[in-house]
Amino acid sequence: MSLRPTLETRPAQPTMEGAGVKLHRAFGFQDPSELDPFLLFDDFRNERPEDYIKGFPWHPHRGIETITYVLEGTVDHADSLGNTGSLGAGDVQWMTAGSGILHQEMPHGNAKGQMHGFQLWGNLPASQKMTAPRYQDMTSDAIPEVTDDDGTHVRIITGTFWGKTGPVDGIAADPQYLDISVPAGVRKTFKIDTYRRAFAYVFQGSAAFADASVPTGVLLEKEIGGQEMHIRDMSGDRTLIRFGTGDEVTVQAGEQGVRFLLISGAPIDEPVAWHGPIVMNTQAELQQAMRDLRNGTFIQPAH
């Protein structure tokens, strides 16, 4: 067994998207090979309706998948194929844009006006860039949950973990997407397939991720379970942790415990031509997508 080294720890950066939605971006529009097959990750969390109510009006996607996970409030969606729906607290939508779709996402707060969710973009391989669009909408009660003896709690959105399999399937990157809560002071190790790229995103509490290699941050030596361990400085709210290769990740929860997403997927290792919400393999394909948008042929007829 080998611990994955922590390649980088960085805070999500405040930005604005859609018609004026304030959010924090953990990664995106940078080096697409960094977390291949994942392209972008946004944390949209607000307490004030004026910071999110204008939402994400009609916009196109081609060549990617968008994964939306809602924790508080609701997100109403509609698309150019006539699909409509609403995601509530704990619900997930996995949208395969494929050959192209126009859609909108409009957030609404809970009774306290709070809105919180995440959106992850996954790339599609060349062989699936132009497949027919599809949705997988999963309500919260369809997502399996498991609690270990030490109180560690995991929601399994996709992939198989601790004997349970998430409801979202047929995804190009064969990802594992876990929502993990570890109680205060608990040290826990999680298995990850060696050949996957992996990252964690801390959004409640704090934690330190044990590192088998020389770290880039502050190295702490603590006694945990009777053993001396080197661990990193604490990673807190809205923090991205990018891992190197290995087959397990170890986390030491802080004084308030920690809740984080642990996401991994198989790299696609293909060229990326990227412009906003459209991601293809070549500049020629990207230019074709732009022409399709201009001449009204972006949406392919249903077969």
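Computed from a predicted model, the values in this text were never measured in an experiment.

**Q** Before we go on, may I ask you to explain the environment of V154 in this structure?
**A** Tracing the backbone through its elements, the reader meets V154 in strand β14 (residues 153–158). A relative accessible area of 0% means that V154 is categorised as buried. Along the chain, V154 and A173 lie 19 residues apart, while their C-alpha atoms are 21 Å from each other. With sequence-adjacent residues up to four places away left out, V154 is seen in contact with P144, E145, V146, F161, W162, L178, D179 and I180.

**Q** Help me understand the nonpolar core in this model?
**A** For soluble globular proteins, nonpolar side chains are generally found buried alongside one another. F27, F41, F118, L120, Y177 and F199 are the most contacted members of the largest nonpolar core, which totals 25 residues. Other than its neighbours up to four places away in sequence, L120 contacts F27, F38, L40, F41, E65, T66, I67, Y177, F199 and I263. Counting residues in hydrophobic clusters, the runner-up holds 23 residues, among them V249, V251, A253 and F260.

**Q** Could you clarify how one ought to interpret the pattern of salt bridges in this entry?
**A** Close approach of charged atoms lets side chains of opposite charge pair. Summed over the entire model, instances satisfying the criterion amount to 18 salt bridges. A salt bridge links R155 to E145, with the nearest nitrogen and oxygen atoms 3.0 Å apart. With R155 in strand β14 and E145 in strand β13 (residues 145–147), the pair connects residues that are 10 residues apart, well separated along the chain. Looking at E145, the relative accessible area reads 38%, which means it is partly exposed. The network of salt bridges with shared partners includes E8, R10, E34 and R242.

**Q** So what exactly am I meant to see when it comes to the confidence of the model for the protein here?
**A** In low-pLDDT regions, the fine details of the predicted coordinates are not to be read closely. In the predicted model, the protein carries a mean pLDDT of 89, and the fraction of residues at 70 or more is 90%. Here residues 212–222 scores under 50 on pLDDT; set against residues more than four positions off or in separate chains, the count is 23 contacts.

**Q** Whenever I open this one, the sheet that holds strand β12 (residues 134–138) confuses me. Can you help?
**A** The strands making up a sheet associate through backbone hydrogen bonding, with each pair oriented either parallel or antiparallel. One open sheet accounts for seven strands, arranged β2-β3-β4-β11-β6-β9-β12; its pairing is antiparallel. The sheet terminates laterally at β2 (13–17) and β12, the two strands that pair on one side only. If you compare each strand with its neighbour and ignore which way they point, the axes differ by 20° on average. Here five bridges tie β2 to strand β3 (residues 21–27), and the two strands are oriented antiparallel to one another. Paired with E17 across the two strands is V21, which belongs to β3.

**Q** Can you help me understand helix α1 (residues 283–295) in this one?
**A** Think of an α-helix as turning once every 3.6 residues; residues three or four places apart then point the same way. An ideal rise of 1.5 Å per residue puts 18 Å on 13 residues; α1 measures up with 18 Å between its terminal C-alpha atoms. When we look at burial in α1, the residues that qualify are L286, A289 and D292. Seen along its axis, α1 keeps its buried residues to an arc of 115°; they face one direction. For α1, the exposed residues set more than 90 degrees away from the buried face come down to A284 and R294. In this structure, the buried side of α1 is in contact with β24 (273–275) and β25 (278–280). G296 sits one or two positions beyond α1 and adopts a positive phi of about 80°.

**Q** What is the right way to look at the side chain of T250 in this model?
**A** Along the polypeptide, T250 turns up in strand β23 (residues 248–265). At 2.7 Å, the side chain of T250 forms a polar contact with the side chain of T189. If we ignore the near neighbours within four places in the chain, the residues touching T250 are L3, R187, K188, T189, A208, F209 and A210.

Rules and cut-offs
- Every residue gets a number counted from 1 within its own chain, in the order that chain's sequence is written.
- pLDDT decides what is reported in this predicted model: residues at 70 or higher carry local features, side-chain atom pairs at 80 or more are listed and counted, and totals for whole chains, interfaces and linings draw on all residues regardless.
- The side-chain figures draw on all heavy atoms in the structure; neither hydrogens nor water molecules are used.
- Helix and strand definitions follow DSSP, with helices as H or I runs of at least four residues and strands as E runs of at least two, each counted in order from the N terminus.
- Throughout this description, buried means an accessible area under 20% of the type-specific maximum (1.4 Å probe, protein chains only), exposed means over 50%, and partly exposed covers the range between.
- Note on contacts: a residue pair qualifies if any of its non-hydrogen atoms lie within 4.5 Å across the two residues.
- To qualify as a nonpolar core, a set must consist of buried Ala, Val, Leu, Ile, Met, Phe, Trp, Tyr and Cys residues joined through side-chain atoms within 4.5 Å.
- In the sections that follow, a salt bridge refers to a side-chain nitrogen of Lys or Arg positioned within 4 Å of a carboxyl oxygen of Asp or Glu.
- One number per residue, pLDDT, summarises how confident the predictor is, and it ranges from 0 to 100.
- The pairing criterion for strands is at least two bridges between them, as found by DSSP.
- For every element, the axis is a line fit to its C-alpha atoms; helices are fit only across the contacting stretch, and the angle between N-to-C directions ranges from 0 to 180 degrees.
- The span expected for a helix works out to 1.5 Å for each residue beyond the first.
- Comment: arc refers to directions from the helix axis out to C-beta atoms.
- Polar contact is the term for a pair of N or O atoms within 3.5 Å; when the atoms are in protein, one must be able to donate a hydrogen and the other to accept it, and sequence-neighboring residues count only if both atoms are side-chain atoms.

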